[in-house]
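Secondary and tertiary structure notes
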Amino acid sequence: MKRKVVHITNFGTLGGVQSYLYGVNSKDNNSLLLSTRKPLDFYLKQKNIKKNISSLSFFSLPFVFDKKSLVIHNLILSKIWPFLCFSQKLAKKPLIYHEHGIAWHSPIKNRKKYIKRISKVDCVIVNSRATARLLKEKYLITKKINVLKCPIFLYDNAKKTSNKNFFRNSLEKGYLKIGFMGRLEAHKNPIFLLELARTLNQVYGLKAEIDFLGLGSQINFLKSQALEMKVNAKFVGLVKNRKKFIEKWDFAIYPSLREPLGLVQGEMALMGKLCLSSNVDGIPEVYPRSMNELLIKMVRSSTITNYQENFQFIPELDDFSQNFSPDIDDCCVKILRIVKNPELYQKILNKHRKFLASNFCIDKHIIEL
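The structure displayed is predicted, hence computed values, not measured ones. Residue numbers restart at each chain and count upward from 1, following the sequence in its written direction. Only residues with pLDDT of at least 70 get local features here, since the model is predicted, and only at 80 or more are side-chain atom pairs given and counted; chain-wide, interface and lining totals rely on the full set of residues. Side-chain metrics in this entry use all non-hydrogen atoms of the structure; hydrogen atoms and water are not considered.

Our focus in this paragraph is the nonpolar core. We call a set of buried residues a nonpolar core when its members are Ala, Val, Leu, Ile, Met, Phe, Trp, Tyr or Cys and they connect through side-chain atoms within 4.5 Å of each other. Only protein chains enter the area calculation, which uses a 1.4 Å probe; residues under 20% of their type maximum are buried, those over 50% are exposed, and those in between are partly exposed. In this structure, Ile178, Leu194, Leu196, Phe251, Ile253, Met268 and Ile335 are the most contacted members of the largest nonpolar core, which totals 80 residues. Core analysis: the second largest hydrophobic core is formed by 32 residues, Ile72, Val124, Leu135 and Tyr139 among them.

The next thing to look at is the packing of aromatic side chains. For Phe, Tyr and Trp, where Trp contributes only its six-membered ring, two rings pair if their centres lie within 6.5 Å, and the inter-plane angle classes them as stacked under 30 degrees, edge-to-face over 60, or tilted in between. One pass over the structure, following the stated rule, counts nine aromatic pairs. Look at tyrosine 114 and tyrosine 139: their rings are 4.6 Å apart centre to centre, the planes differ by 35°, and that puts the pair in the tilted class. You can see tyrosine 114 sitting in helix 5 (residues 111-118) and its partner tyrosine 139 sitting in the loop between helix 6 (129-137) and strand 7 (145-147), a full 25 residues away along the chain. Considered together, tyrosine 114 and tyrosine 139 belong to a single accessibility category, that of buried residues. Runs of H or I in DSSP of at least four residues are treated as helices and runs of E of at least two as strands, each being numbered from the N terminus.

Right, let's get into the pairing of strand 1 (residues 5-9). Summarising burial for strand 1: four of the five residues are buried, a large majority. Seen with its strands pointing away from the viewer, a crossover is right-handed when the path leading from the first strand over the helix to the second is clockwise. Between the parallel elements strand 1 and strand 2 (residues 31-35), the chain passes through helix 1 (residues 16-27) in a crossover that is right-handed.

Attention now goes to the packing of helix 8 (residues 191-202) against helix 12 (residues 328-340). Close contact between helix 8 and helix 12 brings their axes to 10 Å; oriented N to C, the two are set at 60°. Regarding helix 8 and helix 12, the two cross each other, and that crossing is right-handed. Seen from helix 8, the contacting residues are Phe192, Glu195, Leu196, Thr199 and Leu200; seen from helix 12, they are Ile328, Asp329, Cys331, Cys332 and Ile335. Classes in brief: Ala, Val, Leu, Ile, Met, Phe, Trp, Tyr, Cys and Pro nonpolar; Asp, Glu, Lys and Arg charged; the others, Gly included, polar. By residue class, the composition of the contact of helix 8 with helix 12 is seven nonpolar, one polar and two charged. Lines fitted to C-alpha atoms define the axes here, with helix axes fitted over just the stretch in contact, and angles between the N-to-C directions of these axes take values from 0 to 180 degrees. What makes a crossing left-handed is the near helix being turned counterclockwise from the far one by less than a right angle; a clockwise turn instead makes it right-handed. The contact criterion used is simple: two residues touch if any of their non-hydrogen atoms lie within 4.5 Å.

What follows is about empty space enclosed by the protein. As defined here, a cavity is a set of points on a 1 Å grid over the protein atoms alone where a 1.4 Å probe fits but cannot get out. A pocket is an open set with protein on both sides within 12 Å along at least five of seven lines, and residues line them when an atom is within 4 Å of a point. Grid points are joined across faces, edges and corners, and a volume is the space filled by probe spheres set on the points. Counted by the stated rule, this structure contains two cavities of 30 Å³ or more. Considering only enclosed or pocket space, the second largest cavity measures out at about 30 Å³ in volume. Considering the residues around the second largest cavity, the lining is formed by Ser19, Tyr20, Pro151, Ile152, Phe153, Leu263 and Glu267. Contributions of two or more residues to the lining of the second largest cavity are made by helix 1 and helix 11 (263-270).

Keep in mind these numbers describe shape, not what the thing actually does.
Okay, here's the thing in structure tokens:
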């Protein structure tokens with residue numbers, strides 16, 4: 001019988017790590033999910049999770065992990081980390097850490113603490129080559145780092161959709177429908193979509209409506225900015241059925257200022273939508289090489305303040321830098337090129353899907369993990 005693999009993270013918050021883990025759980029009978037906090041109802045109600053996500057208490061740690069392999073996801077700076085280390089030592093099990101993005105958050109401020117804790121880890125897993133470079137070049141980690149990219153899959157009832165003749169139908173209505181799905185936080189840069197819609201209208205003569213799927217600390221700010229910019233924007237919040245919203249989109253846009261990999265970009269392709277994204281950090285790794293049609297050029301910005309002392313990996317520089325943001329005009333030009341040549345849409349989409357199927361298969365990922 002295969003040994004169970006225990007995956008532990010914080011299911012009391014939203015994010016790509018959680019989406020990844022309950023996708024693995026839906027495919028792997030030998031996985032078990034544990035949460036350091038009370039899980040959100042959003043996760044517990046997902047029908048495809050074969051076992052409920054269990055909350056974890058300190059007193060249960062030494063016993064829960066006694067005969068199981070434990071993979072810790074994104075908790076290296078948390079208060080519970082010392083207890084997890086202790087439980088693994090007590091159980092005489094290797095300490096396995098899966099890094100999904102914590103290393104990108106304030107690496108200057110957290111550097112000493114991170115290096116001290118990761119020195120105790122037996123196995124380090126990262127989800128992108130960009131993160132591996134960050135650990136080696138900015139944290140000066142010398143131990144072996146295993147790159148294992150998270151799979152791209154659809155964990156819910158969202159199915160592939162078709163964009164056949166969709167531009168013609170949209171343009172007959174006089175506007176494009178552009179969407180964003182994720183946390184409405186500053187580093188995700190959702191304000192970019194409002195600025196994009198305004199620029200498309202005022203400079204390029206093309207109207208756009210914006211859908212925001214998700215929640216976050218910037219939601220009230222974005223609502224006020226939409227009114228001020230006179231952009232037609234809808235804030236949908238969390239939804240169970242993503243398909244009924246996403247199937248109406250012409251494009252998805254993900255203009256992150258930092259992103260260790262970028263799972264949503266691949267999910268959009270599987271659901272039949274072209275997704276334009278910032279050419280930063282690990283995002284280009286979920287696109288075929290030289291797919292410049294969908295990667296937005298990054299430019300240094302005097303208006304972006306590096307409030308968390310974050311680094312950005314800029315592929316065009318092949319180096320780390322700071323205070324870069326996606327270029328709105330470059331994004332507009334890329335959208336207009338496809339709108340004027342609708343046959344490009346399916347051609348680019350098919351290329352992206354083929355790349356995802358070859359490089360981000362969840363079954364292969366589980367075996368490698």
